[in-house]
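Architecture and fold: a report
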Amino acid sequence: MNSIVVKALALVFLMLCNPAFGKEAAPAAEDPALEQRVTAISGELRCLVCQNQTIADSNAPLAIDLKNQVREKIKQGQSDSQIIDYMVARYGDFVLYRPPFKVTTLVLWLGPLLLLAAGLFALFRRLARRRTVVETELSGAEHERAAKLLAADNETDKR
Amino acid sequence: MAAETMNKTQMFLPLGIFAALVVLLGVGLTLNPREVPSPLIDKPAPHFQLPQLHEPGKTFSEKDMLGKVWLLNVWASWCVSCREEHPVLLDLAKSGAVPIYGLNYKDERKDGITWLQRLGDPYQLSAYDINGRVGIDYGVYGVPETYVIDKHGVIRYKRIGAVTPEIVKEKILPLVNELNRG
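Residues numbered from 1 in each chain as written. Chains lettered and ligands numbered in written order. Predicted model: local features only at pLDDT ≥ 70, side-chain atom pairs only at ≥ 80, totals over all residues.

A few words now on the packing of helix H2 (residues 32–42) of chain A against helix H3 (residues 61–75) of chain A. All names here are of chain A. Interaxial distance between H2 and H3 falls to 10 Å at its minimum, and their mutual angle equals 125°. Taken together, the axes of H2 and H3 lie oblique to each other. Crossing geometry of H2 relative to H3 is assigned as right-handed. Here H2 contributes Leu34, Arg37, Val38, Ile41 and Ser42 to the contact with H3, which in turn contributes Lys67, Val70, Arg71 and Ile74. (Axes fitted to C-alpha atoms, helices over the stretch in contact; angles between N-to-C directions. Helix = DSSP H or I, 4+ residues; strand = E, 2+ residues; numbered from the N terminus. Parallel < 35°, antiparallel > 145°, perpendicular 65-115°, else oblique. Left-handed = near helix turned anticlockwise from the far one by under 90°. Contact = placed C-beta atoms within 7 Å.)

Facing 10 residues of chain B, the contacting portion of chain A comprises 12 residues. A class-by-class count of the residues in the side of chain B that touches chain A yields six nonpolar, three polar and one charged. (Nonpolar A, V, L, I, M, F, W, Y, C, P; charged D, E, K, R; others polar.)

A word on the domain arrangement of chain B. By the assigned domains, chain B splits into domain 1 (1–31) and domain 2 (49–181). The straight-line distance from the C-alpha centre of domain 1 of chain B to that of domain 2 of chain B is 48 Å. (Domains from an automatic or database assignment.)

All names here are of chain B. Considering the arrangement of structural elements, one finds Gln52 in the loop between strand E1 (49–51) and strand E2 (59–61). Each C-alpha atom, one on Gln52 and one on Val140, is 19 Å from the other, the two residues being 88 residues apart in sequence. Setting aside chain neighbours within four positions, we find Gln52 in contact with Lys58, Thr59, Phe60, Leu125, Ser126, Ala127 and Tyr128.

Bringing helix H5 (residues 165–181) of chain B into the picture now. Residues and elements named next belong to chain B. In this model, H5 (17 residues) spans 23 Å end to end at C-alpha, consistent with the 24 Å of a helix rising 1.5 Å per residue. Where H5 bends most, the angle comes to about 35°, and this point is Ile172, followed within four residues by the proline Pro174. Listing the buried residues of H5 in full gives Val168, Ile172, Val176 and Leu179. (Expected span 1.5 Å × (residues − 1). Bend = angle between axes of the 7 residues up to and from the residue. Buried ≥ 20, exposed ≤ 12 C-beta atoms within 10 Å, placed from the backbone.)

Next up on the list: unusual backbone geometry. Glycine aside, a negative phi is what most residues show, and trans is what most peptide bonds show. Residues and elements named next belong to chain B. Each neighbour pair has its own omega, and for Val143 with Pro144 the value is 0°, a cis peptide bond. Relative to the assigned elements, Pro144 resides in the loop between helix H4 (133–137) and strand E6 (145–149). Even without a glycine there, the phi angle at Asp42 is positive, about 65°. Inspection of the secondary structure assignment puts Asp42 in the loop between helix H1 (2–30) and E1. For Lys106, which is not a glycine, the phi torsion comes out positive at approximately 45°. Mapped onto the elements, Lys106 comes out in the loop between strand E4 (100–105) and helix H3 (109–119).

A word on the sheet that holds strand E7 (residues 155–160) of chain B. Residue and element names in this part refer to chain B. Here five strands make up an open sheet; going across it, the order is E5-E4-E3-E6-E7 and the pairing mixed. Where the open sheet ends on each side, the last strands, each with one partner, are strand E5 (126–129) and E7. For this sheet, the mean angle separating the axes of adjacent strands, direction not counted, is 20°. Here five bridges tie strand E3 (residues 70–75) to E6, and the two strands are oriented antiparallel to one another. Following the sheet pairing, Val74 is matched in E6 by Glu145. (Pairing = 2+ DSSP bridges.)

Turning our attention to the pairing of E3(B). Residues and elements named next belong to chain B. Taken across its six residues, E3 has six buried, putting it largely inside the fold. Both E3 and E4 contribute to a ladder of five bridges, which runs parallel. In the strand pairing of E4, Trp75 is matched with Asn104. With helix H2 (residues 80–95) bridging E3 and its parallel neighbour E4, the resulting β-α-β unit is right-handed. (Right-handed = clockwise from strand over helix to strand, strands pointing away.)

Residues and elements named next belong to chain B. Relative to E7, E6 runs antiparallel, the two being bridged by five bridges. The residue bridging Glu145 from the neighbouring strand is Ile160, located in E7. Hairpin connection, E6 to E7: the antiparallel pair is bridged by five residues, and Gly153 has positive phi, about 80°.

Across chain A, pLDDT averages 80, with 79% of residues at or above 70. Low confidence marks residues 19–27 of chain A, where pLDDT is under 50. Its contacts with residues over four positions away, or in another chain, come to zero contacts. (pLDDT = per-residue confidence, 0-100.)

This next bit is on H3(B). All names here are of chain B. For H3, every residue scored as buried is listed here: Gly112, Trp115 and Leu116. Buried residues of H3 fall within an arc of 95° about the axis and therefore sit on the same side. Across H3 from its buried face, at more than 90 degrees, point the exposed residues Lys110, Thr114, Gln117 and Arg118. Tucked inside the fold, the buried residues of H3 contact E4 and E5. Immediately beyond the C-terminal end of H3, within one or two residues, lies Gly120, with a positive phi of roughly 100°. (Arc of directions from axis to C-beta.)

All names here are of chain B. Note on placement: Leu13 falls in helix H1. Using a count of 11 C-beta atoms within 10 Å as the deciding quantity, one classes Leu13 as exposed. Sequence separation of Leu13 and Trp75 is 62 residues, and the distance between their C-alpha atoms is 52 Å.

Below, the structure is given as structure tokens:
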């Protein structure tokens, strides 16, 4: 009986613990607008330690430092593009998750389009060739057969 | 005859394209994605003024080095590759070819000093960058990193990752000699 009471009390205690966990995450949401901008900007920046993640997604120490840097710059009143430029000046275009369109990235941006165009060109050329091949086949043996059929047809007509 | 040669080219064209693709991807595989070209090459070294590792009362700035060709080596006691490159730096320091200055990056002061005591200190001095802020200004993302800075305070070369004897012989020393002459 006594142990049931203890268990019940323990359960109540555990349930009371949960809201405490909820509170612990609060500081991040202290200024939701600020955090939203931090997340938006860091979502555009590549984490150089874990290269296929943005610094918004990454928990690498450098990513956390860079996120803090972004937060600080926002508080200083800098614009999004100023902050992005700051990062590019230090880490190069590679830090941008969406690479810019310029001479050095032409192949990157236009390469797939060129490949698609080449593929379509090859496809249409092949289709065009197949069409001519079909035509020549028709003018071969089938032509003769067609002539025979027509002749036979003419004969039945005469009857 | 003409049709036959055309068939041959037709037959080998996809094979050729495939071979070219294999070569392209093969070359891509041998490149190191960690070696991101730094935008800081041929740019003035970013300004900093930091307390020194051994003497917190004194500061060190890149401006103190104007007129000299020098190496800035970013290191930390927690960094495994730093241990690997350490003997190379010790040899280079002993040769006296170029002064090496350290940037102790996001380290505990005590750990950094102990590390140098145990393994030897190739640095004229080390600046102490506790929060990694100067590291960010220098585009540091993979310690160790090494910069060659010329007499005008311009970064001329950056090595990401451990410095090897080959890199010292083939890259750093020729560049330092050239910069010292100029």
